[in-house]
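Commentary on secondary and tertiary structure
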Amino acid sequence: MRSPVPDKSPVPDKLSVPDTLPGHRPGCVPSGSAARGFGDFVRAHGGNGRLVVQPRMGFSDPAAMRAGLAATRASAARTVGTITLDAHTRVGHLQAAAAALREGTALNGYPVVTHPPATTARVLDGIQGPGFPVQVRHGSARPVGIFRALAALGLDASEGGPVSYCLPYGRTPLAESVSQWAAACELFASLREAGREPHLETFGGCMLGQLCPPSLLVALSVLEALFFLRHGIRSLSVSYAQQTNPEQDTEAIAALRRLCAELLPTDDWHVVVYTYMGVFPQTEHGARRLLESSAELAVRTGAERLIVKTVAESQRIPTIQENVDALELAAAAAESAARTAPAPLHHPADSPTYQQAAALVHAVLDLHPDLSQALLRAFRRGYLDVPYCLHPDNRGLTRSFIDPAGRLCWASVGNLPIGHLVRPRSTTRLTSATLLTDLTRVRNRFDAPAPPALAASRRPPARDAPKRCATG
Amino acid sequence: MADLSRPADTAADRAHTPARATVVVTTVASDSHTWNLVYLQLLLEELGYEVVNLGPCVPDELLVHHCREIRPSAVVISSVNGHGAQDGLRVIRALREDELTATLPVAIGGKLGVDGGATSHTERLLAAGFDAVFEDGADTLTAFRRFLDELGPGADRALESGAERAAVQRRHADEQMSVSV
Ligand code: B12
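Cut-offs and rules
Residues numbered from 1 in each chain as written. Chains lettered and ligands numbered in written order. Predicted model: local features only at pLDDT ≥ 70, side-chain atom pairs only at ≥ 80, totals over all residues. Heavy atoms only, no water. Helix = DSSP H or I, 4+ residues; strand = E, 2+ residues; numbered from the N terminus. Buried < 20%, exposed > 50% of the residue type's maximum accessible area, 1.4 Å probe, protein only. Contact = heavy atoms within 4.5 Å. Areas by Shrake-Rupley, 256 points an atom, 1.4 Å probe, with all protein chains shown as cover. Near = heavy atom within 4 Å. Polar contact = N/O pair within 3.5 Å; in protein donor to acceptor, adjacent residues only side chain to side chain. Donors = N, O, S within 2.8 Å, 3.2 Å for Na, K, Ca; no water. Axes fitted to C-alpha atoms, helices over the stretch in contact; angles between N-to-C directions. Parallel < 35°, antiparallel > 145°, perpendicular 65-115°, else oblique. Left-handed = near helix turned anticlockwise from the far one by under 90°. Nonpolar A, V, L, I, M, F, W, Y, C, P; charged D, E, K, R; others polar. Buried area = accessible area lost by both parts, 1.4 Å probe. Salt bridge = Lys/Arg side-chain N within 4 Å of Asp/Glu carboxyl O. Core = buried A, V, L, I, M, F, W, Y, C linked by side-chain atoms within 4.5 Å. Pairing = 2+ DSSP bridges. Phe/Tyr/Trp six-rings, centres within 6.5 Å; stacked < 30°, edge-to-face > 60°.

**A closer look at the overall build of chain B**
The helix and strand tally for chain B stands at 7 helices and 5 strands. From first element to last, N terminus to C terminus, chain B shows the α and β order α-β-α-β-α-β-α-β-α-β-α-α. Residue burial in chain B is summarised as follows: out of 181 residues, 58% are buried. For chain B, restricting intrachain contacts to residue pairs at least 6 apart in sequence, the fraction spanning at least 24 positions comes to 81%. For chain B, the accessible surface area stands at approximately 7600 Å², while carbon and sulfur atoms represent 50% of it.

Right under this line is the structure:
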């Protein structure tokens with residue numbers, strides 16, 4: 001059993017530092033070609049009960065960003081670093097980002113296109129390296145400018161996707177996002193000429209953060225991975241965001257793995273789990289317990305990497321210390337989960353979630369040999385259709401609900417090609433109150449004084465429970 | 001700018017409902033969160049308002065444009081990404097500078113900065129021309145209901161307009177981003 005990395009070597013907090021930091025994680029850096037990039041690092045250090053943990057961290061002030069990266073690296077956990085970009089940069093309003101920097105207004109992330117390249121180089125200097133890869137997280141449907149800036153800075157790991165960074169992230173038409181993402185992938189892939197192995201993670205496992213049934217999340221993650229591959233990316237990760245029920249989440253990640261093994265013509269991929277991305281608990285115990293449960297989920301499903309949330313999630317941008325606490329708590333929870341042998345699951349790979357996800361993926365792939373065209377057709381026909389998504393290119397014919405067992409289910413499948421797999425259910429009228437009930441279900445469960453039963457995730461699946469939805 | 005057309009059936013439904021006071025629900029240019037918008041749309045509809053939901057990441061010009069055309073009874077801006085104060089100060093200037101929207105009741109609410117309310121933005125936003133500010137807190141929704149009450153009851157509110165205005169509203173209802181209920 002490995003213990004968390006006890007490396008507390010001091011990290012410079014100034015923007016000018018020597019080239020290397022002393023004494024960082026001796027023996028942990030993979031040597032030779034294994035050290036080439038983000039994907040290799042995570043696959044070397046995560047999986048089989050071991051977890052690489054990562055924050056969602058971004059500050060507009062370069063000194064804070066540097067201190068945050070340094071603290072992530074020095075934390076008692078196996079980590080990779082994150083630079084999360086601000087929302088002005090995401091939508092391409094660079095003037096607003098510049099105005100905020102001028103006026104000293106704090107942003108919700110790091111404006112990488114606006115800070116001079118030399119500033120960002122100093123932020124990373126001596127911190128980023130083979131033993132501490134850094135990923136840029138951005139949420140942009142028009143990412144070419146961002147990827148150009150990253151490439152110039154030597155940053156070679158990012159995330160997103162033509163669907164997942166379009167529909168939930170604004171008003172860019174899907175067709176434009178798809179062609180922008182194709183160009184961005186190709187630009188990123190060209191970094192290989194400089195001896196790098198650029199890495200991309202799908203964000204498709206998260207659509208809107210909440211209330212998107214797992215089968216659609218899995219399908220979108222797989223489709224975006226295929227999209228990246230077809231546009232030249234060779235090192236991938238596929239995401240899945242924790243939802244409302246641990247058994248269902250376990251099924252979903254098993255389905256994701258199986259579909260990737262079946263469909264991705266490479267083995268250079270890993271699974272990244274996101275701690276719950278919806279309305280978060282407001283109490284400290286609730287937030288911590290939810291974080292722990294996501295680390296347990298990641299370990300139970302053999303995921304290689306986990307992106308954490310902090311106790312500040314429900315309120316505001318977290319501090320560096322809150323991020324470090326979250327990383328260390330997740331690492332500790334993963335350690336203890338790895339010590340407890342997970343109960344074997346009853347054919348998890350053949351679950352309803354797998355069947356639906358496979359049906360969705362294959363129906364989309366069959367629409368057109370060019371995946372870009374297939375994705376556009378799929379949304380036009382409603383073969384892909386995200387519940388509650390306001391984007392004009394989303395049909396809006398699907399709806400989800402949480403069943404009494406806490407599983408996230410289809411209330412209405414619209415034109416999704418899974419009608420044969422889903423038991424129909426009459427929809428209750430959507431009101432502000434019923435919406436809020438579903439949105440706050442996880443929050444309320446974890447905020448409740450009595451923490452949810454620790455054993456909940458290890459109960460055998462209640463296959464015949466009367467009120468449980470059969471829709472995965 | 002994206003075409004915001006929605007399936008036509010929503011417009012057909014609306015053509016048969018009596019004219020009701022219209023509220024524009026929107027967010028600021030950088031903010032992509034939509035659950036807040038969907039929630040506020042439902043809430044306002046339940047209170048009897050016709051709602052035009054402009055969806056995420058609404059550029060300043062687009063909001064002014066829609067307000068000029070729709071002439072709503074009020075605009076409700078929701079932002080939670082932490083840029084609401086910065087973007088809000090900019091968009092209220094644009095609304096106040098346009099003669100057709102200069103006196104329109106405009107409210108903003110949500111998580112308007114990145115420090116969880118440690119800095120209050122209310123005073124600055126009011127000074128810049130907002131009629132009401134609802135930063136996240138204990139009684140936000142109660143205060144919001146009071147603001148709406150002062151606007152007048154939704155369904156019964158007399159519109160100063162005739163068929164022409166109703167037609168414009170319907171056209172815009174068709175262009176909105178909305179969840180059908
Ligand atoms: C779901 C979610 C997402 C989803 C959104 C999907 C979508 N299309 O909506 C995804 C994952 C895509 C996402 C992305 C981002 N998110 Co987000 N997200 C959330 C989360 C977890 C839940 C929000 C939610 O759905 N709430 C449910 C709705 C119904 O309620 P609400 O929005 O909280 O609004 C309530 C009140 O604020 C109030 N209210 C809101 N507006 C108004 C207006 C008026 C007039 C009134 C009276 C009341 C009112 O009423 C509502 C009901 O009580 C919150 C954290 C949380 N709350 O737990 C973070 C959060 C809002 N996100 C945050 C951020 C920063 C982002 C990003 C910028 C990424 C980043 N840098 O981390 C991007 C957005 C990019 C952009 N261009 O804006 C921050 C904002 C920080 C801050 N304000 O200090 C939060 C708080 C998380 C955090 N702690 O970092 N996010």
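**Comments concerning the site of the ligand**
What surrounds the ligand is a group of 43 residues, the closest being A:Gln210, A:Arg316, B:His33, B:Ser78 and B:Asp136. Interatomic distance of 2.7 Å between a backbone N/O atom of B:Ser30 and a nitrogen atom of the ligand. In the environment of the ligand, a nitrogen atom lies 3.1 Å from a nitrogen or oxygen atom belonging to the backbone of B:Gly113. Looking at the shell around the ligand, the elements that each hand over two or more residues are α3 (87-90) of chain A together with α2 (35-46), β3 (74-79), β4 (106-110) and α6 (140-151) of chain B.

**Brief notes about the side chain of B:Gln86**
Mapped onto the elements, B:Gln86 comes out in helix α4 (residues 84-97). Overall, the relative accessible area of 13% leaves B:Gln86 in the buried class. A distance of 3.1 Å separates a polar atom in the side chain of B:Gln86 from the backbone oxygen of A:Ala96. When residues no more than four places from it in sequence are discounted, the contact partners of B:Gln86 are A:His88, A:Ala96, A:Ala99, A:Ala100, A:Thr105 and A:Leu107.

**Things to note about the coordination of the cobalt atom of the ligand**
Counting protein donors around the cobalt atom of the ligand gives one, B:His33 (NE2), at 2.2 Å. The residue B:His33 is located in the loop between β1 (22-26) and α2 in this model.

**A look at the packing of helix α2 (residues 62-74) of chain A against helix α5 (residues 117-124) of chain A**
Residue and element names in this part refer to chain A. For the pair α2 and α5, interaxial distance at closest approach is 8 Å and the crossing angle is 30°. In terms of orientation, α2 and α5 fall into the roughly parallel class. Note that α2 runs across α5; the crossing there is right-handed. Residues Pro 62, Met 65, Arg 66 and Leu 69 of α2 form the contact with α5, whose own contacting residues are Thr 119, Arg 122, Val 123 and Leu 124. Split into classes, the residues belonging to the contact of α2 with α5 amount to 5 nonpolar, 1 polar and 2 charged.

**Section: the interface of chain A and chain B**
At the interface, 39 residues of chain A touch 39 residues of chain B. When residues of chain A are sorted by the area they lose upon contact with chain B, A:Arg171, A:Leu390 and A:Ser432 head the list and together hold 28% of the total. On inspection of chain A and its partner chain B, the count reaches 0 salt bridges. Joining chain A to chain B, the criterion identifies 11 residue pairs in polar contact (both at pLDDT 80 or more).

**Description of the nonpolar core**
All names here are of chain A. Judged by nonpolar contacts, the single largest core of 145 residues is most densely connected at Val 386 and Leu 435. With 12 residues, helix α8 (residues 214-230) is the single largest residue contributor to this core. If sequence neighbours within four positions are ignored, Val 386 has contacts with Leu 167, Met 207, Leu 208, Cys 212, Leu 216, Leu 220, Phe 379, Asn 394 and Thr 398.

**Quick word on the sheet that holds strand β6 (residues 235-241) of chain A**
All names here are of chain A. Pairing within the open sheet is parallel, and its 6 strands lie in the order β1-β8-β7-β6-β5-β4. Every other strand in the sheet has two partners, leaving β1 (52-54) and β4 (157-160) as the edge strands with one partner each. Within the sheet, the average angular offset between the axes of one strand and its neighbour, ignoring direction, is 25°. Here strand β7 (residues 269-274) pairs with strand β8 (residues 305-307) via 3 bridges, running parallel. What sits directly across from Tyr 274, in β8, is Ile 307. Along the sheet, helix α7 (residues 174-189) contacts β4 and β5 (199-202); its crossing angle with β4, the most-contacted strand, is approximately 165°.

**Regarding the sheet that holds strand β2 (residues 50-53) of chain B**
Pairing between sheet strands relies on hydrogen bonds along the backbone, with the strands arranged either parallel or antiparallel. All names here are of chain B. Spatial strand order, β2-β1-β3-β4-β5: 5 strands in an open sheet with parallel pairing. What marks the edges here is a single partner per strand, and that holds for β2 and β5 (132-135). Each neighbouring strand pair of the sheet contributes to a mean axis angle of 20°, computed without reference to strand direction. The pairing of β3 with β4 spans 5 bridges and is parallel. Across the sheet, the residue bridging to Ser 78 is Gly 109, located in β4. Sitting on the sheet, α4 touches β3 and β4, and the angle it makes with β4 is about 170°.

**Describing the pattern of salt bridges**
As enumerated under the stated definition, the model contains 24 salt bridges over all chains in all. A salt bridge links A:Arg258 to A:Asp350, with the shortest nitrogen-to-oxygen separation between them at 3.0 Å. With A:Arg258 in helix α9 (residues 246-263) and A:Asp350 in the loop between α11 (320-339) and α12 (352-365), this residue pair connects regions lying 92 residues apart in the sequence. Given the relative accessible area of 46%, A:Asp350 is considered partly exposed. Residues B:Asp87 and B:Arg90 are paired through a salt bridge, measuring 3.0 Å at the closest nitrogen-oxygen approach. Within this pair, B:Asp87 and its partner B:Arg90 are both found in helix α4, separated by 3 residues, close to a single helical turn. Owing to a relative accessible area of 1%, B:Asp87 belongs among the buried residues under this scheme.

**Let's talk about the environment of A:Ile402**
Residue and element names in this part refer to chain A. For Ile 402, the location among the structural elements is in strand β9 (residues 398-402). Judged by its relative accessible area of 8%, Ile 402 is buried. Note: C-alpha distance between Ile 402 and Ala 149 (253 residues apart in sequence) is 42 Å. Setting aside its immediate chain neighbours within four residues, Ile 402 contacts Leu 211, Thr 244, Arg 407, Leu 408, Asp 438 and Arg 441.

**Topic: the packing of aromatic side chains**
For the structure on display, the rule yields 12 aromatic pairs over all chains. Ring centres of A:Phe147 and A:Trp181 lie 5.6 Å apart, and the angle between their planes is 75°; on these two criteria the pair is classed as edge-to-face. Here the residue A:Phe147 occupies a position in helix α6 (residues 144-153), and A:Trp181 occupies one in helix α7, the gap between them amounting to 34 residues. Exposure class is identical for A:Phe147 and A:Trp181. Each is buried. Ring geometry for B:Phe134 against B:Phe144: centres 5.4 Å apart, planes inclined by 80°, an arrangement best described as edge-to-face. You can see B:Phe134 sitting in strand β5 and its partner B:Phe144 sitting in helix α6, a full 10 residues away along the chain. Its relative accessible area of 10% is what places B:Phe134 among the buried residues. An aromatic cluster is defined as three or more aromatic residues linked by ring pairs; in this entry it consists of A:Phe147, A:Tyr165, A:Tyr169, A:Trp181, A:Phe188, A:Phe203, A:Phe228 and A:Tyr274.

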